[in-house]
Amino acid sequence: MMSPVLGVVLLTVALWGGAVAFAPIGGDASTHVSITGTALLEKVRETCWRVAESSGHEFNPTGNSPEELVQACLGPTATGEVSAAKFRSALNEIYVQNGLVDRDFINSSPHHFNNEAFVEGRGLITEGVASIKANIRNQNFQAARETLGRVLHVLQDFYSHSNWVELGFKDPYVNLIRPDLPLENLAEEDAATCSDCASGTCPNPILPIILQEKKLTSGYMGIFSEAKPKGKCSHGGGADLTSTVVPRGGISKDERRPDNVAFHTAAVNLATSASLELLEDIRGAAGDKDFLRMVGIARASVVCFVIDTTGSMSNDIAEVRRLVHQIIDTTKGTQDEPSEYVLVPFNDPDFGPITRTADGDVMKDKVSKLTATGGGDLPEMCLSGLQLALTGAPASSQIYVFTDATAQDIHLKDIIVALIRSTKSTVNFFMSRSSRRRRRSLEARSFNDYRELALASGGQAIEVSKSQLPQATNIILDTSTSALVTVLQRDRSGGRGTLFPFVLDGSLTNVTLYITGKTISFTLTNPAGVIQRQSELSGKLGTIQAVGNLWRIRLNADKLPGTWQIDIDTGYPYTLKVTGQSVITFIYNFVEAFQGPHPGYAVITGRPNAGQPATLLLSVMGKKGPDSVSIEYVGLGMVSGAEAMSSGSTTDMGNGDILVKVDSVPEGEFVVMLNGTDSVSGTQFQRQSTTQMSVSKVTIKAAVDSSLEPGKTFSLPFSVMAQLPGTYSINAKNDRGFAMDYPPRLSLTSGQYANETLTITPPGSTPSGTDITLTIDAKSGADSNYAVLRLSVVSKITDFVPPMCNIVSVQADNCPYDVSRCEPFNWELSANLTDGTGIERLTLRRGNGTLQNTSMDAPLIHATYNASCCSQIVELIAVDKVGNVGRCYHSIVHSGGPPASALSLPLWLCLVVSAFVVRF
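What comes next concerns the included structure. Along each chain, numbering runs from 1 in the same order as the chain's sequence is written. Under the rules for a predicted model, residues below a pLDDT of 70 receive no local features and side-chain atom pairs below 80 are neither given nor counted, while totals for whole chains, interfaces and linings still include all residues. Processing note: side-chain calculations cover all non-hydrogen atoms of the structure and skip hydrogens and water entirely.

Description of the overall build of the protein
Formally: The secondary structure listing takes helices from DSSP runs of H or I that are at least 4 residues long and strands from runs of E that are at least 2 residues long, numbered from the N terminus. Our radius of gyration looks at C-alpha atoms and nothing else; its globule reference is 2.2 Å times the residue count to the power 0.38. Only protein chains enter the calculation, and the probe is 1.4 Å; a residue is then buried if its accessible area is under 20% of its type maximum, exposed if over 50%, and partly exposed in between. Any two residues having at least one pair of non-hydrogen atoms within 4.5 Å are treated as being in contact. The method behind every accessible area is Shrake-Rupley, applied with a 1.4 Å probe, and residues are considered shielded solely by the protein chains displayed. Neither His nor the chain termini are counted; the positive set is Lys and Arg, and the negative set is Asp and Glu. Note on charges: their place is set at NZ of Lys, CZ of Arg, CG of Asp or CD of Glu.
On a plain count of helices and strands, the protein comes out with 18 helices and 42 strands. The globule rule puts the C-alpha radius of gyration for 920 residues at 29 Å, and the 29 Å found for the protein is close to it. Once the C-alpha set of the protein is aligned to its principal axes, its extents read approximately 85 × 75 × 55 Å. Out of the 920 residues in the protein, the part that is buried amounts to 58%. Sequence separation of 24 or more characterises 73% of the internal contacts of the protein that already satisfy a separation of 6 or more. For the protein, the exposed area adds up to about 34,200 Å²; of that, 51% sits on carbon and sulfur atoms. Of the side-chain charges in the protein, 76 are positive and 91 negative, and the distance between the mean point of each set is 5 Å.

Here is the structure:
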């Protein structure tokens, strides 16, 4: 919508007082990203405050940083460091999809409410909101976020591209998000709507008759053609070819100009209010807890176990069971308590199902039921289980794979690498030896498959005996923590005296070094020159543990900040990794520029293009926000082989967002490296991304347009381009096993896109809210690239009427007018609630009293609310089985008269409308 969106993710947010700060792009005009960010942060703060109030504590951030906001929202009882990376990543996912509407649907009238496409535009909003609610219900938060970004763009464009502002309306058009209400007074197809504006800068070219009759119209947009119906308004601007056809000019309020300041400002304000309305409706359907989880307000760590359940794995299963109990019991109530637990069993020929839960007791129960049965024939379905984990677990998860066999499904290796790069999750393999026959299965080649996957993700491949496994799993306790960061990771083929320097800053705690390999000797040196060798298991610098092929070095808490170094000597391949806990971290994406009426940068979902400069967007976080850290170096570095580095030129976009351009990208696998200074501790810091990336001479592009319906075939267009001509094989996989059809190969001409279509058909029995992770791969020889997309299956909804509320009685006569005397007195409200499809959930949004209700299965639900006269407002939230939200509000606040009388209204009328934002 508003102004050229360099945006996508070039937004930085000041998280206090509702203020928002953005990259200085497009002058002083607002952007889609700024409008979305303003609405999201206001709704997050409001929700955090409500959750804190209901929990009996204050929501009182100690400052304006993301870390302090998340810490305050999670509550004062959760001790320990908290990272804002998950929150920032979640917001960026929304912003990315919001901005991409201007690239992927540039010529779609419904996506922008151009060409008077009001019915179709509202259809996109209706379908999108249904998909968001269904996905949240099924804990598919990433799919919900991506759809939310696109829906908000469509909604916001209505206020810039239509004449709603010119008609003088001061409130959002609620009918756009209330499909049970009609779209009224639309301009007729043959009705002229605008007068001619030769200068193109007329303040209001809408015809007087249109203004007088309050007819709704929007501008016509011609990207490739100047044709438009006679007398109709144009969008306007240099990219709109219709703007030079009489009536000339345009009514778009995308940018702030001298001739439209008032209209632009009004459109921004209405778009923000409308976004708040939509977010409030989604929040009501999801509930406060899941709404906050959708936007990334959750403890950082996610623990995911992928475990072989064949007969030889009984000891491993027992160890996983012990670990799960230990993690749950020791971290409860702290920031290290995982926000989610994931479990995926596999054997041969089966794998799954996946268990996802935020309830530790549920995870304990699921793990307790695992048994080791069958097997004996090698190998197992390890990568199928890992694929299910990578698609089912949230992004940036810690995944731990336990097996003692090779992978039967090694053909999935390329798909696994694509999913690792897409999700940025870290995969650690625990290979346990059990018998002579099993040991023979762990040939160097097969172990290397797991080793390569672990390294690609920033994880480790650990090989131990069954009896050693309990000692090796300390790494799980180390890494299933909040605010985990990587300082350094390297992979080497062996050699004498390889020296690795690394910088430890004052914010780091629980610093641990891991070395995997055979016949290792090393010397660790701190900044003061103090030395500890591998033979000193408990020394001046830390505690050393050796088990299997793993060395674990936990530094003492009184470590010195500064430059450390470790000298490693071995004739065998080995890996080194240095981690710790710190709120100083960063998230990143590779991006590419796109042109059009609203140019910007889009996130690259696959590998960057070879032979071209790379552009990255980084968001950096510190203890007191991004202003508490300064960045001195950003570059791309090799993990394996020689220390090849490519430094980037940086542009500070403000508030921690940095645009980085790297002219020369290293050949092979590389990571993002970052150095800077922390003003809080006064020390230098070093950070490294975990996931390895590489470049490709192939490009794949695909865009999600809508959700799928059960039993119906869905068509997904995709495009492939290569720098070198030839025949490229196409391979597509989805994690649900749904039937697909696509061309198995494409003949490509150098530098030209080939456009094709993939079809996918979910079975008619597919539950609404099911998400699908689809991976499309194009390959020629050793070169390949991929696109990873999230699709949603949503059943067609015809019921859009929210639940109804009839307040039967209010007994508040005993409540004194003098509130200071309220303590001994109570009041009570009784209400009946009904809905055509049945009410699924009834909750108390406001009020400190007690809510009781009859069976939710009954066609009429009777609710009783009892509270102290000191708590004078009650708001009930009712959600039906398809996600329609109703609210019932009552206040006994005296304003010079008797207590408020009982109401008999639809729930959505009790608080103006079901989706309307509540202002407090």
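Some details on the state of the cysteines
Here, disulfide denotes a covalent bond that connects the sulfur atoms of two cysteines. Inclusion rule: Two cysteine sulfurs form a disulfide in these notes if their separation is within 2.5 Å.
Within the structure shown, the criterion is met by six disulfides. Here C48 connects covalently by a disulfide to C73, the sulfurs 1.9 Å from one another. In this structure the cystine formed by C48 and C73 twists about its S-S bond by roughly -90°; its chirality is therefore left-handed. Here C48, found in helix α1 (residues 32-55), pairs with C73, found in helix α2 (residues 66-74); they are 25 residues apart in sequence, far enough to count as distant. The disulfide partner of C805 is C888, and the gap between their sulfur atoms is 2.5 Å. The sign of the S-S torsion, about -50°, decides the handedness of the disulfide formed by C805 and C888: left-handed. One end of the pair, C805, is in strand β35 (residues 804-811); the other, C888, is in strand β41 (residues 885-891), with 83 residues separating them in the sequence. Exposure remark for C888: the relative accessible area of 3% places this residue in the buried category. Sequential numbering of the bridged cysteines in the protein gives the disulfide pattern 1-2, 3-6, 4-5, 7-12, 8-10, 9-11. You can see C304 has no disulfide; the closest cysteine sulfur is in C382, sitting 12 Å from it.

Some details on the sheet that holds strand β28 (residues 714-722)
What counts, and what does not: Strand pairing is assigned whenever DSSP identifies at least 2 bridges connecting the two strands. Inter-axis angles, ranging from 0 to 180 degrees, are taken between N-to-C directions of lines fitted to C-alpha atoms, where helices are fitted over the stretch in contact.
In space, the four strands of this open sheet follow the order β27-β28-β32-β30, with antiparallel pairing throughout. Each edge of the sheet is formed by a strand with only one pairing partner; in this case those strands are β27 (698-702) and β30 (739-741). Geometrically, the sheet is characterised by an average inter-axis angle of 25° between neighbouring strands, direction not taken into account. Looking at chain direction, β27 and β28 are connected through five bridges and run antiparallel. Residue I700 lies in a different strand from β28, and its bridge partner there is V720.

A few points about the pairing of strand β6 (residues 398-403)
Here is the rule: The handedness rule is simple: strands pointing away from the viewer, and a clockwise path from the first strand over the helix to the second, make the crossover right-handed.
The element β6 is largely enclosed, with a buried count of six among its six residues. With burial as the criterion, each face of β6 is covered, one bearing Q398, Y400 and F402 and the other bearing I399, V401 and T403. In this structure, strand β3 (residues 302-308) lies alongside β6, joined through five bridges in parallel fashion. Bridged to V306 within β6 is V401. In terms of strand pairing, β6 meets strand β7 (residues 426-433) through six bridges, oriented parallel. Residue pairing in the sheet places V401 in a bridge with F429 of β7. Taking the sense of rotation as the criterion, the β-α-β connection linking β6, helix α13 (residues 413-423) and β7 turns out right-handed.

Some details on the environment of P208
Counting through the fold element by element, P208 comes out in helix α7 (residues 208-212). In the structure, P208 is positioned 63 residues away from R145 in sequence and 41 Å away in space, judged by C-alpha atoms.

Description of the side chain of K232
Within the element layout of this structure, K232 appears in the loop between α7 and α8 (261-286). Excluding its chain neighbours within four sequence positions, the residues that come into contact with K232 are E116, A187, E188, E189, A191, T193, C194, Y220 and P247.

Remarks on the nonpolar core
Which entries qualify depends on this criterion: Buried residues of nine kinds, namely Ala, Val, Leu, Ile, Met, Phe, Trp, Tyr and Cys, make up a nonpolar core once their side-chain atoms join them within 4.5 Å.
The biggest cluster of nonpolar side chains holds 61 residues, and the ones touching the most others in it are I125, L148, F158, Y159, L176 and L278. Listing elements by their share of this core, those giving two or more residues are α1, α2, α3 (85-104), α5 (118-137), α6 (141-161), α8 and α9 (288-294). The dominant element in this core, judged by the number of residues it contributes, is α8, at ten residues. Leave out the neighbours within four places in its chain, and L176 touches F113, R122, I125, L155, F158, Y159 and L183. Counting 56 residues, the second largest nonpolar core, distinct from the first, contains A407, L419, V620 and Y786.

Some remarks on the pattern of salt bridges
Stated precisely, the cut-off is as follows: The salt bridge criterion pairs a side-chain nitrogen of Lys or Arg with a carboxyl oxygen of Asp or Glu, the two atoms within 4 Å.
Within the structure shown, the criterion is met by 44 salt bridges. Put simply, E46 and K43 hold a salt bridge, and the shortest N to O gap is 3.3 Å. Of the two residues, E46 and K43 both sit in helix α1, three residues apart, roughly one turn of that helix. What makes E46 buried here is its relative accessible area of 11%. By relative accessible area, which is 0% here, K43 ends up buried. Note that K624 and E68 form a salt bridge whose closest N and O atoms lie 3.3 Å from each other. With K624 in the loop between β20 (614-621) and β21 (629-638) and E68 in helix α2, this pair connects stretches of sequence that are 556 residues apart. Take K624: its relative accessible area is 44%, and that puts it in the partly exposed class. Among the residues examined, E68 registers a relative accessible area of 10% and is labelled buried.

Structural notes on the environment of S243
Within the secondary structure, S243 sits in the loop between α7 and α8. Sequence spacing of S243 and K228 is 15 residues, and the spatial spacing of their C-alpha atoms is 9.6 Å. Those residues in contact with S243 that lie beyond four places of it in its chain are S234, G236, G237, R248 and G249.

Comments concerning the packing of aromatic side chains
For any pair of aromatic rings, the description consists of the separation of the ring centres together with the inter-plane angle of the planes. The criterion, for reference: Between rings of Phe, Tyr and Trp, where Trp is taken as its six-membered ring, a pair exists when centres lie within 6.5 Å; planes separated by under 30 degrees are stacked, by over 60 edge-to-face, and by other angles tilted. In this analysis the charged atom, NZ for Lys or CZ for Arg, is taken to sit over a ring once it is within 6 Å of the ring centre and within 35 degrees of the ring normal.
For the structure shown, the criterion picks out 18 aromatic pairs. Between Y588 and F590 the ring centres are 6.0 Å apart and the planes differ by 85°, which places this aromatic pair in the edge-to-face class. The exposure class assigned to Y588 is buried, which follows from its relative accessible area of 9%. Grouping aromatic residues by their ring pairs yields a cluster made of F113, F118, F158, Y159, W164, F169 and Y173. The ring of F169 has K214 sitting right over it, with the charged end atom 5.1 Å from the ring centre. When the ring centre of Y588 is taken as origin, the NZ or CZ atom of K424, which lies over that ring, is 4.8 Å away.

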